[in-house]
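So you can see what is in the structure, the chains are spelled out below.
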Amino acid sequence: MQWILFVFAFVAPLFLDGIIFAVRFLKRREEQVTLKNPLVQEELWNFGLGALLSLIAGLVGLGSTSLVPWNIFIGYLFISLLAREITPLIRLNWKKLNRESVAPIAKAAIALLGFVFEITLFQSWSIYLLSGMRLGAFILLAYLVGNFSKSYAEHKDLSIIRVAFVTFFIIFLFFTAAHPANFFDAYPFEDGLKYLEDNPYLYYNQFDAFMHGQLHLVTEPDPALAALQNPYDPYQRTGIGYLWDTVYYEGHYYSYYGVAPIFFVMYPFYLLSGFALVPNGLFCLTLATILYAYGIFRLSLVLKEKYAANLPSWFFYTFSFLVFVSTLGYNFLNFRWTDWKYRIPFAYAAVGMTLFLTYFFEGLKREKFKQHLYWGLSALFYVLIMGSRPEVGILAILIVPFLVRYILEGRTELTKGQKRDLFPLIPFAAILLVGGVALASYNYLRFGSFTEFGSSYQLTINDARTNTLNGEGFFNAFYHYFWQQPTFSNEIKEAGFAGFFNFEKFPFIIPEQVHLGYYIDRSFHSTETHVYIDRSVGLLNNPFFFLALLLPVSLGVHKRIDEWIYLILPPFLLFILCWLMYCLGGVCMRYILYFWPLAGIWVLSIFYSSYSTLAKEKSTRTPLMIVSLVLAFLGMFLAINLGMNPFDGWQIVG
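First, a word on what this report is: a plain description of the structure on this page. What you see is a predicted model; the values in this text were computed from it and never measured.

Moving on: the packing of aromatic side chains. Any aromatic ring pair is given by two values, namely how distant the centres are and how the planes are angled relative to each other. One pass over the full model with this rule turns up 74 aromatic pairs. With a centroid separation of 4.2 Å and an interplanar angle of 15°, the aromatic rings of phenylalanine 189 and tyrosine 204 are classed as stacked. Of this pair, phenylalanine 189 sits in the loop between strand 1 (184-186) and helix 9 (202-211) while tyrosine 204 is found in helix 9, placing the two residues 15 residues apart along the sequence. The buried category is assigned to phenylalanine 189, whose relative accessible area is 6%. When its relative accessible area of 0% is taken as the criterion, tyrosine 204 is described as buried. Where phenylalanine 207 meets tyrosine 270, the ring centres are 5.4 Å apart and the plane angle is 85°; that geometry is what we call edge-to-face. Taken together, the positions of phenylalanine 207 in helix 9 and tyrosine 270 in helix 11 (residues 260-272) put the pair 63 residues apart, joining distant regions of the chain. Comparing phenylalanine 207 with tyrosine 270 shows no difference in burial state: the two are buried. The aromatic ring of tyrosine 242 is capped on one face by arginine 237, whose charged end is 4.5 Å from the ring centroid. Across the ring face of phenylalanine 316, the terminal group of lysine 304 is positioned such that the distance to the ring centre comes to 6.0 Å.

Structural data, given as structure tokens:
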């Protein structure tokens, strides 16, 4: 089988470079394909160096005992891409180096470093195991760093953010490669990772179902369920084995958890690993944490550039980090990841929120290709929202006024009478249409309804079909998700402020379980309209959200109706989401995972837009910066405590 190494060493570069050359040449149809053509010469250099590096990698890998052809082929494709970052050195005038020479040298150095690392440090387990991920990260870093000097002057903060997060992502991938058993599982899955009674591996189950070419899970339910008058009644299921929190419909098991993370994360990394490994919950949630942090920083930067251009960079980075943590970005990871089917939909819905809005607003100020690109990405992340937690899709109402204004009005720099170019809306609309049709068809093929995601048929604490939206739930939803207070730990209650210095007793602040009701003759009568009531902490307990009090100032900055709607509507959307969650799902800590990020996006927008008014004078600018940092820091402290909550958080073992 060793001959595979050498076959792919030439096939992969030829395959990749041939496609790239064809695409590039089609853009220059007037040119002839001759050896004197600079484009042809450049592609020959790319192919030659790619083949040489691949051959070296093949020779180094001769001692490997584990050969996965697809894995090797994908690894060689990325080696070919690395070679394309090195070939500019060949055309560089080494006798007249200048500042412009820094970019190609930096790109080539990183690409070469990635190649050396790949063939010398990562061959211990399997030839090119995860190489597509590692080499792809090196390619991205080489591209970003290579263009860093060029874009730094115009987009200093954006350049820093991009390079910082790509670097962090590379470190994460290296760590997963060093500890693959902690972050990946081989496919086909072992029996222990398939079906357990509480079914924590439901995303693996659905992935496995797709691999078998079917929508329902591979395992079959106990026939006794079909014999029940109402299999969704938990009391009737007593004594019958079944998969907890799994959908049962017409004799099959299904999953009602958002399917999008499977296609956005699990399948791509399965492909990059050479069709060998599937990322587990810890990998998916760590990646979601990185993406959410990136989304918060990027959205923060978009708002800073629009409203607070004179804001010091040190404040921007500090404030953005505090916002990331105080809006539960840290808690994506900190919740018990072994039960990851619950966390993943919330985490990727929050990722979708930030990047959907970020790229939409980026697209508003761009032109031509970049506008197509950013709005296409915005639509893609909206599909991620709908495929993770579809109810969060109401967020789209925030951008509708901007789209209407974009269509009806012309650019300010266009001469009077010219019409706006609407072509950038094509990829936006096309991706939304394809994603919407795919999700609707997925639902229809399973349950005969375009809008049924399966939650009505789950085997859970009660018959979910009896859950209804009701007026009584308004007050209860507000109490649990806006007002409910946390409590201090016993150590703090006993020792007072000094107890905060005893870190063995962390967390110091913990959520409580509160059942609403009243007493008559010492008998408690519950007013809860949902049977599932566990711990929660209300939004209004987070000091960071107090910055929303700047809303009147923020509204004074804006004159257009679209920006007013964007700032006024989010609290109403938050309440609708809380009401939906309470009536249809109940109360527990992990449900706040998308309320708080959405509230954070809203407050972030309020702060930056009000800054332009309040920061005109130093006498108001400095106090505003100090107060906002203090509130964000207190919010971060609360969020870290909640990450260790006794419901489903991590616990410190002393």
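What follows is about the environment of threonine 529. Within the secondary structure layout, threonine 529 lies in the loop between strand 9 (523-526) and strand 10 (535-536). Sequence separation between threonine 529 and glycine 473 is 56 residues, and the spatial gap between their C-alpha atoms is 6.4 Å.

What follows concerns helix 16 (residues 368-386). Three or four residues apart is the spacing at which side chains of an α-helix point the same way, because the helix has 3.6 residues per turn. For helix 16, with 19 residues, the first-to-last C-alpha span of 27 Å sits near the 27 Å given by 1.5 Å per residue. Among all positions of helix 16, only Gln371, Tyr374, Trp375, Gly376, Ser378, Ala379, Phe381, Tyr382, Val383, Leu384 and Ile385 are buried. In the core, the buried residues of helix 16 are packed alongside helix 7 (156-178), helix 11, helix 12 (281-307), helix 15 (343-364), helix 17 (400-408) and helix 18 (425-447).

This part takes up the packing of helix 17 against helix 22 (residues 561-568). Where helix 17 contacts helix 22, the axes come no closer than 8 Å and their chain directions differ by 170°. Taken as axis vectors, helix 17 and helix 22 run roughly antiparallel relative to one another. Residues Pro401, Phe402 and Arg405 of helix 17 touch helix 22, and the partners they reach there are Asp562, Glu563, Ile565 and Tyr566. Considering only residue class, the contact of helix 17 with helix 22 consists of four nonpolar, no polar and three charged.

What follows is about the packing of helix 16 against helix 18. The contact between helix 16 and helix 18 brings their axes to 7 Å, and the two run at 20°. Taken as axis vectors, helix 16 and helix 18 run roughly parallel relative to one another. Here the hand of the crossing between helix 16 and helix 18 comes out right-handed. Between helix 16 and helix 18, the residues in contact are His372, Trp375, Gly376, Ser378, Ala379, Leu380, Tyr382, Val383 and Met386 and Leu425, Pro427, Phe428, Ile431, Leu432, Gly435 and Leu439, respectively.

Another aspect to go through is the side chain of serine 300. As for its position among the elements, serine 300 is in helix 12. Classification of serine 300 as buried rests on a relative accessible area of 0%. At a separation of 2.9 Å, a polar atom in the side chain of serine 300 contacts the side chain of serine 320. If near-sequence neighbours (up to four positions away) are discounted, serine 300 is found in contact with Phe316, Ser320, Leu604 and Tyr608.

Glancing now at the layout of surface pockets. By volume, the largest pocket is sized at about 1,900 Å³. Residue lining of the largest pocket: 47 residues in total, with Leu140, Leu144, Val166, Tyr294 and Tyr359 positioned closest to the centre. Breaking the lining of the largest pocket down by element, the ones donating at least two residues are helix 3 (69-86), helix 5 (131-146), helix 6 (148-152), helix 7, helix 11, helix 12, helix 15 and helix 16. The class makeup of the residues in the lining of the largest pocket is 35 nonpolar, six polar and six charged. Within this model, the second largest pocket holds a volume of roughly 960 Å³. What lines the second largest pocket is a set of 38 residues, among which Tyr256, Arg389, Ser455, Gln458 and Leu584 lie closest to the centre. Residue assignment for the lining of the second largest pocket shows that the elements contributing at least two residues are helix 15, helix 18 and helix 23 (570-584). Tallied by class, the residues present in the lining of the second largest pocket amount to 19 nonpolar, 13 polar and six charged.

Look at the link from tyrosine 187 to proline 188: it is a cis peptide, with omega at 5°. Within the element layout of this structure, proline 188 appears in the loop between strand 1 and helix 9. Non-glycine residue glutamate 250 carries a positive phi angle of around 50°. Note on placement: glutamate 250 falls in the loop between strand 2 (247-249) and strand 3 (252-254). The phi dihedral of leucine 328 is positive, around 75°, even though this residue is not glycine.

Here is what the cut-offs are and how they apply
- Residues numbered from 1 in each chain as written.
- Predicted model: local features only at pLDDT ≥ 70, side-chain atom pairs only at ≥ 80, totals over all residues.
- Heavy atoms only, no water.
- Phe/Tyr/Trp six-rings, centres within 6.5 Å; stacked < 30°, edge-to-face > 60°.
- Helix = DSSP H or I, 4+ residues; strand = E, 2+ residues; numbered from the N terminus.
- Buried < 20%, exposed > 50% of the residue type's maximum accessible area, 1.4 Å probe, protein only.
- Lys NZ or Arg CZ within 6 Å of the ring centre and 35° of its normal.
- Expected span 1.5 Å × (residues − 1).
- Contact = heavy atoms within 4.5 Å.
- Axes fitted to C-alpha atoms, helices over the stretch in contact; angles between N-to-C directions.
- Parallel < 35°, antiparallel > 145°, perpendicular 65-115°, else oblique.
- Nonpolar A, V, L, I, M, F, W, Y, C, P; charged D, E, K, R; others polar.
- Left-handed = near helix turned anticlockwise from the far one by under 90°.
- Polar contact = N/O pair within 3.5 Å; in protein donor to acceptor, adjacent residues only side chain to side chain.
- 1 Å grid on protein atoms, 1.4 Å probe; cavity = no way out; pocket = protein on both sides within 12 Å on 5 of 7 lines; lining within 4 Å.
- Points joined across faces, edges and corners; volume = space filled by probe spheres on them.

Worth remembering: the numbers are spatial, not functional.
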